[in-house]
Amino acid sequence: MSRRRQIYEGKAKILYEGPEPGTIIQYFKDDATAFNAQKKGTISGKGVLNNRISEHVFTLLGNMGIPTHFIRRLNMREQLVRQVEIVPIEVVVRNVVAGSLAKRLGLEEGMPLPRTIIEYYYKNDALGDPMITDEHIAAFGWATQEEMHDIADLAIRINDFLSGLFAGIGIKLVDFKLEFGRLWEGDYSRIILADEISPDGCRLWDAATGEKLDKDRFRRDMGGEVEAYQEVARRLGLLPEGSVSTVLDLDQHRKAREEGRG
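All values reported here derive from a predicted model rather than from experimental measurement.

Student: Now, about helix α6 (residues 225–235): what can you tell me, with residues and values included?
Tutor: The element α6 is largely enclosed, with a buried count of 9 among its 11 residues. Residues Glu225, Glu227, Ala228, Tyr229, Glu231, Val232, Ala233, Arg234 and Arg235 constitute the buried set of α6. The first or second residue beyond α6 is Gly237, which carries a positive phi of 85 degrees.

Student: Give a description of the packing of helix α1 (residues 46–63) against helix α4 (residues 145–167) that names residues and reports values.
Tutor: When two helices pack together, their arrangement is given by the angle between their axes and by how far apart the axes lie. Orientation of α1 relative to α4, taken along the N-to-C sense of each, is 125 degrees, at an axis distance of 11 Å. Of the possible angle classes, the one that applies to α1 and α4 is oblique. Crossing handedness for the pair α1 and α4: right-handed. From α1, Val57, Leu60 and Leu61 reach across to α4, where they touch Ile158, Phe161, Leu162 and Leu165. For the contact of α1 with α4, the per-class residue count stands at 7 nonpolar, no polar and no charged.

Student: Would you mind going over unusual backbone geometry in detail, with residue names and values included?
Tutor: Not every positive phi belongs to a glycine, and Asp195 is a case in point at roughly 65 degrees. With a relative accessible area of 13%, Asp195 lands in the buried category. A positive phi angle, near 55 degrees, is found at Asp221, a position not held by glycine. Within the secondary structure layout, Asp221 lies in the loop between α5 (216–219) and α6.

Student: Could you give me a rundown of the pairing of strand β12 (residues 171–185), with the residues and numbers involved?
Tutor: By the criterion of burial, β12 is predominantly enclosed, with 11 of the 15 residues buried. By the bridge criterion, 2 bridges tie strand β8 (residues 85–86) to β12 in an arrangement that is antiparallel. By the bridge assignment for β12, Glu85 is matched with Arg182. Relative to β12, strand β9 (residues 89–96) is paired through 4 bridges, and the arrangement is antiparallel.

Student: How would you explain the sheet that holds strand β7 (residues 78–82) if you had to name every residue and give the values?
Tutor: Spatially, the 5 strands line up as an open sheet ordered β1-β2-β3-β7-β6, and their pairing is antiparallel. Single-partner strands in this sheet number two, and they are β1 (6–9) and β6 (70–73). Pairwise comparison of adjacent strand axes, ignoring direction, gives a mean angle of 25 degrees for this sheet. Taken together, the 3 bridges between β6 and β7 define a ladder with antiparallel strand orientation. For Arg72, the partnering residue across the bridge sits in β7 and is Leu80. Helix-sheet contacts for α1 involve β3 (23–28), β6 and β7, and the interaxial angle to β6 is about 130 degrees.

Quick notes on the rules
- Residues numbered from 1 in each chain as written.
- Predicted model: local features only at pLDDT ≥ 70, side-chain atom pairs only at ≥ 80, totals over all residues.
- Heavy atoms only, no water.
- Buried < 20%, exposed > 50% of the residue type's maximum accessible area, 1.4 Å probe, protein only.
- Helix = DSSP H or I, 4+ residues; strand = E, 2+ residues; numbered from the N terminus.
- Axes fitted to C-alpha atoms, helices over the stretch in contact; angles between N-to-C directions.
- Parallel < 35°, antiparallel > 145°, perpendicular 65-115°, else oblique.
- Left-handed = near helix turned anticlockwise from the far one by under 90°.
- Contact = heavy atoms within 4.5 Å.
- Nonpolar A, V, L, I, M, F, W, Y, C, P; charged D, E, K, R; others polar.
- Pairing = 2+ DSSP bridges.

Given below as structure tokens:
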């Protein structure tokens, strides 16, 4: 059996050459990073959970007409996706004040925004993914005006759907990151959703308690990261009831772990 060729390794995934032309195998790692990889660690089983969650979300989005790169899940950690030319822009959709927005504008975290805000960041780790405007995107040719219209329209549609999906399982979608790619068909391309949607790139808060069910638990040394990811998967129906702890056990888990270290 020939060894498959690795194309790219990022902070959370490895991309391999796919079995057919125009396909890629996306492998989900357990590695966790924060603050532009200044903080690094491992969340055991994160890759398996993110693979399942992202598969579920992308399948639902595809069913409602959102074009995506997802084809099918291959195994516990891998999925087959369409090869795209990634647009070098991270799209952040915000519904509630949190994270960098709270720090940047001196706002209280948790304050609902009067309207959904879409922000753009230039994908460049060496520069710390700086925030950019439509003017920068147009001036440097990172995307055409038509592509940006498509990206903004898709981002709003995705936000509307995901907000409802998570609200239905008692989770508030605070904000999330999207990436898009160009799918080439001959001389023409169209914009489709790429990358992943998981607790790695979303802020997900329990609607009743405000408990964080996402990578902020790693960023802020809160503990209980695995339990939080499992809780999201369980509520989405991807894990059987009773197989994992509930969100209310997260603080108990953290305290028990700290006592164990002591």
